[in-house]
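# Tertiary structure, described
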Amino acid sequence: MKTKYIAKGLFTLLLTIIVTSCGYNEDVIEELSISREFAPVSLEARVRNQTVVELNWTVNQDINLYIVEFSADDPNFTTIFETVEVSPDELPVQVQLEGLTEYSIRVKAVSSDGLADSTWAVTSATTLSEQLMLPSLPGDIGFDEATFRWQAGVNVTQLVIQPGDIVYNITAPEKAAGVATVSGLTGETVYSAILLNNAKPRGSLDFTTEVDPSTGTLVNSTADLLQMIANAAPGDVLILEPGDYTSQVGTAALDKSITVRGLLSYDKPLIGINFELNDGSSDFSLINLDIDGGLSLNDVVSYGSAGNYNSILISGCNIHDFNRTFVQGSVTDAILQTLTVDNCIVTNILTNGGDFIDFRGGDALNVNVTNSTFNNCAPGRDFIRMDASGTSNGNSTANILLESCTLYACSDSGSRRIFYVRFETNEVIARNLIIAETDSEGYADRSGIDETPEFSNNNYFNAPGFFDTSQYIFDASNYTELDPGFADPLMGDFTVTNQTLLDNAVGDPRWRP
């Protein structure tokens, strides 16, 4: 030990002598001498609301002012389209620009200490077409005409609507008011309208016309709905006017194809009926209805007998308060080709004695669940169950798509999952989802499910099971764990306020303002 410390001391002494003899007596550099400010770093540009560019960068605490310049379709900044002065506390800053333009953008720091301004930090952004059209109000879209709204007084000349090559010339009073009505449309048709100022697009709107009441049997709320369903011919369409039909509560047993739908998408008729499908009910549709189970009805839709069934479509519906399942297919040899659930809000399906979508003895070969919200569904059970006991097992592939949906407090149990799938061959896609506030195990906890499901652009908030690497199946893709900032989930308002999730277009589209 003494030898060690003696050697260390001799080394220190020798080093001191060497440094001193070499004349190392320069002052330590404590401040770098510069002639200009540093350029901004981490400059980012995002397009918001079609034609607004949002800029952000890392703030230098010694800088009080930045200059931003925009050049339109000109990467050399030959002509400056717009110049903006920005203080650090204004970041991120949003600048309104013109549509369908590629902007070169540069930012420099202005010195407050007498130095030269910084060099430019450069980025770019391409705006989309202007969006001066306003959202439709209830009643604006009919079955044969549509009323369009835009910012009053702006320069517009025409509306062009497809399909049909419909060109509508806007009058001066309509331009001033920002409202015009176009007729000659067809019911239940998806249209795209473009608002023009001569050849320049200034807004657009995609819309679907309402059902033409002449295409089915019109029903009012004083009718005996169960009897009308029983009396309907195969392939009939029952069109329910707005109103409360819940004086009748019960089950409609069907042996024929039928559509039961609301007349208006924005004023859905309230019914208290569930449906049992039997052989002969090849195609069954529920559209634009408010269906209340009153916690006394068990299943929204169930199969009562074996048979070859082509399709179930549940679209544009508000469905709530059922005691057991959403769709139940436990009958052996009940084989469904396609189940489609789209643009629905489903609440309080309590799964007492079943799972949410439950195919045990029966088979569903294609399950497509899209653009919908599920709130407190299967609180203690599995969300989609497909067993291997059906007669199609081993002979067919079951395809499951769960896309652009918001799931809140679903399968909220540490022993439950979203996909309980044991069908021998299956392919699973789960993308653009918000899954929140659930203790669920996650997607799957055992073999049988697709071993390589497709995951993409999902967000999990207080739902750790879905990316838990100890689970049998978990999301290892580009997921996020952000708080959506739901407006009022306890009241069923899942409007998203988190800007990143809005940018990522995650969850049920209806909640993205």
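Residues numbered from 1 in each chain as written. Predicted model: local features only at pLDDT ≥ 70, side-chain atom pairs only at ≥ 80, totals over all residues. Heavy atoms only, no water.

### Re the overall build of the chain
Note the following rule: We count a stretch as a helix when DSSP gives it H or I for four or more residues in a row; a strand needs E for two or more, and each element gets its number in order from the N terminus. For this measure, only C-alpha atoms enter the radius of gyration; the expected value for a globule follows 2.2 Å times N^0.38, where N is the number of residues. The rule is simple: take the accessible area with a 1.4 Å probe, protein chains only, and divide by the maximum for that residue type; under 20% is buried, over 50% is exposed, in between is partly exposed. Contacts are residue-level and defined by heavy atoms, with any inter-residue pair within 4.5 Å sufficient.
In terms of helices and strands, the chain carries four helices and 37 strands. At 31 Å, the chain has a C-alpha radius of gyration far larger than the 24 Å of a compact globule built from 513 residues. Taken over 513 residues, the chain has a buried fraction of 46%. If you take every contact in the chain between residues at least 6 apart in sequence, the share linking residues at least 24 apart comes to 69%.

### Observations concerning unusual backbone geometry
Cis peptide bonds are those with omega within 30 degrees of zero, and the linkage from Leu 91 to Pro 92 qualifies with -5°. One can find Pro 92 in the loop between β4 (82-86) and β5 (93-96). In this structure, Pro 163 follows Gln 162 across a cis peptide bond, with omega equal to 0°. For Pro 163, the location among the structural elements is in the loop between β9 (158-162) and β10 (166-169). Phi at Asn 198 is positive, roughly 60°, even though this residue is not glycine. In this structure, Asn 198 sits in the loop between β12 (190-197) and β13 (200-208). The phi torsion at Asn 343 lies on the positive side, around 60°, for a residue other than glycine. Tracing the chain through its elements places Asn 343 in the loop between β25 (334-342) and β26 (345-349). Residue classification places Asn 343 among the partly exposed positions, given a relative accessible area of 36%.

### Considerations on the environment of Ser 396
Mapped onto the secondary structure, Ser 396 falls in the loop between β30 (384-386) and β31 (398-403). On a C-alpha basis, the gap between Ser 396 and Gly 294 in space is 37 Å, while along the polypeptide they are 102 residues apart. Those residues in contact with Ser 396 that lie beyond four places of it in its chain are Leu 365, Phe 423 and Thr 425.

### With respect to the side chain of Thr 127
Here is the rule we go by: In protein, a polar contact means a hydrogen-donor-capable atom and an acceptor-capable atom, both N or O and within 3.5 Å, with residues adjacent in sequence counting only if both atoms are side-chain atoms; elsewhere, any N or O pair within 3.5 Å suffices.
Note on placement: Thr 127 falls in the loop between β7 (121-126) and β8 (145-149). The class of Thr 127 is buried, set by a relative accessible area of 2%. Reaching out from Thr 127, the side chain makes a polar contact with the backbone nitrogen of Leu 100 at a distance of 3.2 Å. Excluding its chain neighbours within four sequence positions, the residues that come into contact with Thr 127 are Val 47, Gln 50, Thr 51, Val 53, Leu 97, Glu 98, Gly 99, Leu 100, Thr 101 and Tyr 103.

### Some remarks on a negative patch on the surface
To keep it simple, the criterion reads: Note on patches: the residues involved have over 30% relative accessible area and no salt bridge, like charges join within 9 Å, and the nonpolar side chains Val, Leu, Ile, Met, Phe, Trp and Tyr join within 5 Å. What sets the accessible areas is the Shrake-Rupley method with a 1.4 Å probe; for residues, cover comes only from the shown protein chains. The term salt bridge refers to a pairing of a side-chain nitrogen on Lys or Arg with a carboxyl oxygen on Asp or Glu at a separation within 4 Å. Residues counted as positive are Lys and Arg, residues counted as negative are Asp and Glu, and His and the chain ends are not counted. For charged residues, the charge sits on one atom: NZ in Lys, CZ in Arg, CG in Asp, CD in Glu.
A contiguous patch of negative charge on the surface is contributed by Asp 412, Glu 437, Asp 439 and Asp 483. Among the structural elements, Asp 439 can be located in the loop between β35 (434-436) and β36 (454-456).

### So, the sheet that holds β13
Stated precisely, the cut-off is as follows: Two strands are said to pair when DSSP picks up at least two bridges between them. Here an angle of 0 to 180 degrees is reported between the N-to-C directions of two axes, which are lines fitted to C-alpha atoms, with helices fitted over the stretch in contact.
Pairing within the open sheet is antiparallel, and its four strands lie in the order β10-β9-β12-β13. At either end of the open sheet lies a strand with only one pairing partner, and these are β10 and β13. If you compare each strand with its neighbour and ignore which way they point, the axes differ by 20° on average. Of the strand pairs in this sheet, β9 and β10 are connected by four bridges, and their pairing is antiparallel. By the bridge assignment for β10, Val 160 is matched with Val 167.

### What about the confidence of the model for the chain?
The condition that has to hold: Residue-level confidence of the predictor is summarised by pLDDT, bounded by 0 at the bottom and 100 at the top.
Per-chain confidence: the chain averages 93 in pLDDT, with 94% of residues scoring 70 or above. Between residues 1-24, whose pLDDT stays under 50, and residues either more than four places distant or in other chains, the model counts one contact.

### A look at the packing of aromatic side chains
Quick note on the threshold: Geometry of aromatic contacts follows a simple scheme: Phe, Tyr and Trp rings, the Trp one being its six-membered ring, pair when their centres are within 6.5 Å, and the pair is stacked under 30 degrees between planes, edge-to-face over 60, tilted otherwise. Two thresholds decide whether a charge sits over a ring: the Lys NZ or Arg CZ must be within 6 Å of the ring centre and within 35 degrees of the ring normal.
By the definition in use, this model includes 23 aromatic pairs. Both rings, one in Trp 57 and one in Tyr 66, keep their centres 5.1 Å apart while their planes meet at 65°; by these two values the pair is edge-to-face. Comparing Trp 57 with Tyr 66, the two get one shared label, buried. Ring centres 5.2 Å apart and planes at 85° place the aromatic pair Phe 486 and Phe 494 in the edge-to-face group. Owing to a relative accessible area of 1%, Phe 494 belongs among the buried residues under this scheme. Put simply, the rings of Phe 419, Tyr 443, Phe 455, Tyr 460, Phe 466, Phe 467 and Tyr 479 touch in pairs and so form one group of aromatic residues. Above the plane of the ring of Tyr 420 lies Arg 417, whose end atom (NZ or CZ) is 4.3 Å from the centre.

### Considerations on the pattern of salt bridges
According to the stated counting rule, one finds 23 salt bridges in the structure shown. We note a salt bridge from Arg 360 to Asp 355, for which the minimum N-O separation is 3.3 Å. Classification of Arg 360 as partly exposed rests on a relative accessible area of 22%. Measuring nitrogen to oxygen at the nearest pair gives 3.3 Å for the salt bridge that ties Arg 422 to Asp 387. Of this pair, Arg 422 sits in the loop between β33 (419-421) and β34 (426-431) while Asp 387 sits in the loop between β30 and β31, and the two are 35 residues apart along the sequence. Judged by relative accessible area, which is 32%, Arg 422 ranks as partly exposed. Each of Asp 355, Asp 358, Arg 360, Arg 381, Arg 385, Asp 387 and Arg 422 takes part in one network of salt bridges that share partners.

### Notes on the pairing of β5
Residues Val 93 and Val 95 point to one face of β5 and are all buried, whereas Gln 94 and Gln 96, pointing to the other face, are not buried. Pairing between strand β2 (residues 52-58) and β5: four bridges, direction antiparallel. Considered in β5, the bridge of Leu 55 is made with Val 93.

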